[in-house]
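Here is what each chain is made of, one letter per residue.
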Amino acid sequence: MHRFLSVATLLVALVAFGCNPSGEQSVQAVESEPTEIARVIIPIEAGAPVRGPISEYLETISRVEANVRVDVTAEGVGKCTAVFAEIGDTVRQGQVLAQLDTTEMGAQLAQTEVQVRQQRAEYERAQQGYAFGGMPKAELDAARFAYEQGLASLRVQKLQYENLTVTSPINGLVVNRLIEVGQLINTGSPVFSVVDPNTFQLVVEPPERELSRLTIGQQALVTIDALPGREFMARVHRIDPAADPVSGTVRARLSFEEEDRPSLREGLFSRVRLVMATIPDALLVPKDVVVEENGRYYVFVIELQTPEEFVSEQLEIIGQELEMDTTNGETPVEVAEPIIEMPEEPVMVATRREVEIGLQDSRNFEIRNGLGDDEIIVVVGHTNLKTGTEVSVTSASAEVAQSIGLTKEEALRRAREARGDSTGMTRRRLRDGL
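Note that the structure is a prediction, hence the values are computed from the model and not measured.

As a further point, take the overall build of the protein. In terms of helices and strands, the protein carries five helices and 28 strands. Taking all 434 residues of the protein together, the buried fraction comes to 38%. Within the protein, contacts between residues separated by at least 24 positions form 79% of all contacts whose residues are at least 6 apart in sequence. Accessible area of the protein: about 24,900 Å², with a carbon and sulfur share of 49%.

Structure representation (structure tokens):
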């Protein structure tokens, strides 16, 4: 085998821009001594695409809120004498939260009870007198009406007395307290806020164009700044039937898993990733190995070439570059015939390959077309590569290659046998771990 390979006909003439006496352009052949082209090997790290699930997310922000929230207001008038609940306390329905002064109302209630007993006695005497014929019917009716009015007044005062005790209307968590001992409270004054932690939810507002992809039970991944290191699962449990004409959004409500609710608090800032689509077995590559140019996507694939293939391709690349320089240049350039050292063993080269991408998340692209499961791609060092660049696998990738137990020659032979081409010069992608 020759140590160097020369291509005499690679570039035998260049276009000389000028005018002959007749005004026509002329072509002048340029010859010089052959020039040896040094091999440049770029170290890279390699890896293989993997199969796995990938999801497309709609990312937004929200705050935890309770679907059941009650702002407790005072129903009586009086000075606060005691407070029995603080923010963060868990309370039961009917539990006393605060007490207003009952002194005056208690005295009025006692007075009314005495009056009602007196009216009852008079009514009973009127009944007896009427039964023996000694009292007219009109007096009996008057005594009955007075007694019934007294009972009605007693019921009203008992209700007013009870309203001086503030109680919780639901089972829940106290999230706000607006009452202090000694404060004068009027009817309707807000004093507490109680929420039901079992109804904690997130409200998100995706664009209305996503309405067709929203479904009940749809999953979302939630991270909460106040609870670092944890990721919560939430699901869509209600979708509002109408879109907001001003913002162009649709409101959806997400509920948390039951076991996660005790650790939540109302108002916590949340980052929501709503799962819009999922592919369970996609071909995935890391985002940072994909090169984007003018809306098209590329990866560098490692291929194994025979020495002859390598030299032939390199000379072809050099020829294309020289031809481009000659075509675009305006000054004739004298170019030597290139020769390239013939490698003694198969060579790994990087080839830029266009791929079609699908879903993407924060780390990976789904590759829909242009790359196979068994191909090897450049994962580190691809920024310095172009098609035909000779590479060497280093670092962890080299350890993977050694663990396969195959030399480059064996890998090439197996590739040729698989294609039934044991004699011709072929390009076979390096498989099984390089």
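What follows is about the confidence of the model for the protein. The share of residues in the protein with pLDDT of 70 or more is 76%, and the mean pLDDT across the chain is 80. Scored below 50 in pLDDT, residues 418-434 shows 46 contacts in the model against residues more than four places distant or in partner chains.

Turning our eyes to something else, we now look at the sheet that holds strand 15 (residues 190-195). The four strands lie next to each other as 8-15-13-10, forming an open sheet whose pairing is antiparallel. Of all the strands in the sheet, the pair left with one neighbour each is strand 8 (69-73) and strand 10 (90-91). Both strand 13 (residues 172-177) and strand 15 contribute to a ladder of four bridges, which runs antiparallel. Bridge pairing links Asn176 to Ser193 in strand 15.

The next subject is the sheet that holds strand 9 (residues 78-83). In space, the four strands of this open sheet follow the order 12-11-9-14, with antiparallel pairing throughout. Here the strands that pair on one side only, and so sit at the sheet edges, are strand 12 (165-167) and strand 14 (184-185). Sheet analysis places strand 9 next to strand 14, joined by two bridges and oriented antiparallel. Along strand 14, the bridge assignment pairs Lys79 with Leu184.

Take the pattern of salt bridges next. This model, assessed by the stated rule, comprises 20 salt bridges. A salt bridge links Arg120 to Glu124; the nearest nitrogen and oxygen atoms lie 3.4 Å apart. You can see Arg120 and its partner Glu124 sitting in helix 1 (residues 103-131), four residues apart, about one turn around the helix. Assessed through its relative accessible area of 46%, Arg120 is described here as partly exposed. Here Glu124 falls in the partly exposed class, since its relative accessible area comes to 36%. Among the ionic pairs, Arg352 bridges to Glu293, the shortest N-O distance being 3.0 Å. Taken as a pair, Arg352 in strand 24 (residues 347-360) and Glu293 in strand 21 (residues 291-293) lie far apart in primary sequence, 59 residues in all. When its relative accessible area of 31% is taken as the criterion, Arg352 is described as partly exposed. A residue is classified by how much of its surface remains accessible, and Glu293, at 36% relative accessible area, is partly exposed. Here the residues in one salt-bridge network are Lys137, Asp141, Arg144 and Glu148, joined through shared partners.

According to the stated counting rule, one finds three aromatic pairs in the structure shown. Between the aromatic rings of Tyr123 and Tyr147, the centroid separation amounts to 6.0 Å while the plane-to-plane angle is 15°, which identifies the pairing as stacked. With Tyr123 in helix 1 and Tyr147 in helix 2 (residues 137-162), this pair connects stretches of sequence that are 24 residues apart. With a relative accessible area of 16%, Tyr147 lands in the buried category. One Lys or Arg, Arg273, reaches over the ring of Tyr57 and ends 4.4 Å from the middle of that ring. Here the guanidinium or amino end of Arg352 rests over the ring plane of Tyr298, the centre of that ring lying 3.9 Å away.

Thresholds applied
Residues numbered from 1 in each chain as written. Predicted model: local features only at pLDDT ≥ 70, side-chain atom pairs only at ≥ 80, totals over all residues. Heavy atoms only, no water. Helix = DSSP H or I, 4+ residues; strand = E, 2+ residues; numbered from the N terminus. Buried < 20%, exposed > 50% of the residue type's maximum accessible area, 1.4 Å probe, protein only. Contact = heavy atoms within 4.5 Å. Areas by Shrake-Rupley, 256 points an atom, 1.4 Å probe, with all protein chains shown as cover. pLDDT = per-residue confidence, 0-100. Pairing = 2+ DSSP bridges. Salt bridge = Lys/Arg side-chain N within 4 Å of Asp/Glu carboxyl O. Phe/Tyr/Trp six-rings, centres within 6.5 Å; stacked < 30°, edge-to-face > 60°. Lys NZ or Arg CZ within 6 Å of the ring centre and 35° of its normal.

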